[in-house]
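Analysis of the macromolecular model
The lines below spell out each chain.
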Amino acid sequence: MSTPSVFLPPDGLSRFQAVVTHAWEHSPAQRARLEEAGINPADVAGPESLHRLPVMRKEALGGLQAADHPFGGLLGEEMGRLARIFLSPGEIYDPQGDRPDYWRFREALIAAGFGAGQVVANCFSYHLTPAGFMFDGAARSLGCVVIPAGVGQQELQIKMMMDTGASGYIGLPSYLLALLEKAHAMGRALPLRRALVTGEPLPPALRARLGEYGVDVYQAYGTADLGLVAYECPEHQGMHLEAGVLVELCDPEGIPVEAGTVGEIVVTLLEPTYPLLRFGTGDLSALLTEPCPCGREPVRIKGWMGRANDVVKVRGMFVYPRQIEEAMAAFAGQVDRWQAVVERDKSHRDRLLLQIEPRGDGPPETAVAEAIRAATRLGCEVRLAGPGTIPEGAPPLEDRRNWD
């Protein structure tokens, strides 16, 4: 029997049931969603009880809020009890509850080695958007000394880090590299030794480049709506799910996929202030079920694996560009360009085709086909193409089916 990709913290069942009940009683928009799906909180036994509830998308927040400012009936308590209100891109209002480390990034900082007395440069914006305060509150809860550096004025930021001996950095990984390179060009070496980064992908090459400057880099994954969802430990083998969220990895129809299969990260926030139920992040990952060498109990996800809106359904199976990319990584030195294409023949049967421009003799076509099958569970026809056949910048997965 397959195991669905669902993570509920060890003590999370009672919290989950309490949040659903609280949303029913205090959040008009969430009550309307539950009623429309025919769900009564009294009948909620576990995460599976909400599977009839359609996944809520980010764009739905904007519509609800525009019709009922500022929070679209989603808030779970009186607005006067909030600590702050932020505005994210797309004109989405984000509430911050009035308790320490409301966004729960403390655990990510602990795993990354941050601690009391450490001087930390927080290079996320403090203006309107929540990221700056998310990490500021978490760092202060640990006793860190925070430089509210924000974004920009790099020479001044570098001076402050040098003068204060800042050993920690919080911000975008690309911005960290820009600071390190700027300091190097100035003939300075920043004292930074560890960093917690988020907000954009951290490919291995970028992590290695930052490591050349002596910075040990850790990733966190979260959103402005949810706060922390997952974080890296010192093993850097996936990301541990945080104890304040219920996470499902779902197919495009909102059904949890089998453990290990790629799916969209769907989160129910175990927080009564803003009780988001089955909120779709639009980001893809896969659940890792084997224990982490670090010994931490929380289940892990593999990390960011692309966006859910790039999915294509082929012969009843969902295929994501990242699956193809990971399979083809094994042939990086043997293939110049490649592109996966979905076609439909005259018998109305789907066909997955992989075009490759080989380098030299290229890899065995059977090996490529087997790698794609292992990644997608679908048979694939591999077709050799001449140089320049695949346009530069072509999408990794293209749906060419005509449904007329």
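All of the points below concern the structure found in this document. (Residues numbered from 1 in each chain as written. Predicted model: local features only at pLDDT ≥ 70, side-chain atom pairs only at ≥ 80, totals over all residues. Heavy atoms only, no water.)

1. Re empty space enclosed by the protein
Using the criterion set out here, one finds one cavity of 30 Å³ or more in the structure. Estimates place the volume of the largest cavity at around 30 Å³. Along the walls of the largest cavity sit Tyr102, Trp103, Arg104, Asp225, Leu226, Gly227, Leu269 and Tyr274, which together make up its complete lining. Grouping the amino acids of the lining of the largest cavity by side-chain chemistry returns five nonpolar, one polar and two charged. (1 Å grid on protein atoms, 1.4 Å probe; cavity = no way out; pocket = protein on both sides within 12 Å on 5 of 7 lines; lining within 4 Å. Points joined across faces, edges and corners; volume = space filled by probe spheres on them. Nonpolar A, V, L, I, M, F, W, Y, C, P; charged D, E, K, R; others polar.)

2. Here we look at the pattern of salt bridges
Within the structure shown, the criterion is met by 22 salt bridges. For Asp225, the salt bridge is made with Lys58, and the minimal N-O distance between the two is 2.8 Å. In this pair, Asp225 sits in the loop between strand 8 (216-223) and strand 9 (227-231) while Lys58 sits in helix 3 (residues 58-67), placing the two residues 167 residues apart along the sequence. Of the charged contacts in the structure, one is a salt bridge between Lys182 and Glu155, with a shortest N-O distance of 3.6 Å. One end of the pair, Lys182, is in helix 7 (residues 173-185); the other, Glu155, is in helix 6 (residues 154-164), with 27 residues separating them in the sequence. You can call Lys182 partly exposed: its relative accessible area is 31%. Each of Glu343, Arg351, Glu381 and Arg383 takes part in salt bridges that share partners, so that together they form one network. (Salt bridge = Lys/Arg side-chain N within 4 Å of Asp/Glu carboxyl O. Helix = DSSP H or I, 4+ residues; strand = E, 2+ residues; numbered from the N terminus. Buried < 20%, exposed > 50% of the residue type's maximum accessible area, 1.4 Å probe, protein only.)

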